[in-house]
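# A structural walkthrough
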Amino acid sequence: MASTNFRPLHDRVVVRRVASEEKTKGGIIIPDTAKEKPQEGEIVAVGSGVRDDKGNLVALDVKAGDRVLFGKWSGTEVKLDGEDLLIMKESDIMGIIG
């Protein structure tokens with residue numbers, strides 16, 4: 001992401017999905033057509049935050065590098081510099097891992 005000049009606005013974040021498992025625990029290889037998209041990712045970039053009722057800037061709770069869980073249908077898929085990424089609002093993130 002360092003090579004692009006893209007910066008999300010306000011309470012939006014850019015997320016890179018983590019790779020999903022290629023095999024089941026029993027050793028069965030899962031074909032790409034049967035895989036579900038992972039609901040776990042790494043924050044690549046964050047917006048500056050949102051303004052509260054008094055006009056003060058409230059920073060986001062997540063930062064670049066955080067591993068997060070998000071909903072199955074969260075975000076908008078985009079391709080930046082040839083990489084598939086998601087742009088979503090911070091409220092679509094369910095929590096930080098680790």
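Within every chain, residues take consecutive numbers counted from 1 along the sequence as written. For this predicted model, a pLDDT threshold of at least 70 governs which residues receive local features, and a threshold of 80 or more governs which side-chain atom pairs are given and counted, while totals over whole chains, interfaces and linings are taken from all residues. Side-chain metrics rest on all non-hydrogen atoms present in the structure, leaving aside hydrogens and water.

The helix and strand tally for the protein chain stands at zero helices and eight strands. The helix and strand labels rest on DSSP assignments: H or I over at least four residues marks a helix, E over at least two residues marks a strand, and numbering proceeds from the N terminus. Starting at the N terminus and walking to the C terminus, you meet the elements of the protein chain as β-β-β-β-β-β-β-β. A burial count over the protein chain gives 29% of its 98 residues as buried. For the protein chain, the share of sequence-separated contacts (at least 6 apart) that also reach a separation of at least 24 residues comes to 61%. Only the protein chains shown count as covering a residue, and every accessible area follows the Shrake-Rupley method with a 1.4 Å probe. Accessible surface, the protein chain: about 6900 Å² in total, of which carbon and sulfur atoms supply 51%. Burial classification: accessible surface area is computed with a 1.4 Å probe over protein chains only, and a residue below 20% of its type maximum counts as buried, one above 50% as exposed, and the rest as partly exposed. The contact criterion used throughout is that any non-hydrogen atoms of two residues lie within 4.5 Å.

This part covers the sheet that holds strand β1 (residues 12-17). Sheet strands line up and pair through hydrogen bonds in the backbone, either parallel or antiparallel. Taking strand neighbours across the sheet as the criterion, the six strands line up as β6-β7-β1-β2-β5-β8 in an open arrangement whose pairing is antiparallel. Each end of this open sheet is capped by a strand with a single partner; those strands are β6 (76-80) and β8 (93-97). Across the sheet, the mean angle separating the axes of adjacent strands is 45° when strand polarity is ignored. Two strands form a pair only when DSSP identifies at least two bridges running between them. The pairing of β1 with strand β2 (residues 40-46) spans five bridges and is classified as antiparallel. Of the residues in β2, the one forming a bridge with V15 is I43. To obtain an axis, a line is fitted to C-alpha atoms, over the contacting stretch when the element is a helix, and the angle between two such axes runs from 0 to 180 degrees between their N-to-C directions.

With respect to the element layout, L86 can be found in strand β7 (residues 83-89). Put simply, L86 and S74 are twelve residues apart on the chain and 8.4 Å apart in space, counted from C-alpha to C-alpha. Ignoring any residue separated from it by four or fewer positions in sequence, one finds L86 in contact with V13, V14, V15, R17, F70, S74, G75, T76 and E77.

Take it as geometry only, folks, not as evidence of what the structure does.
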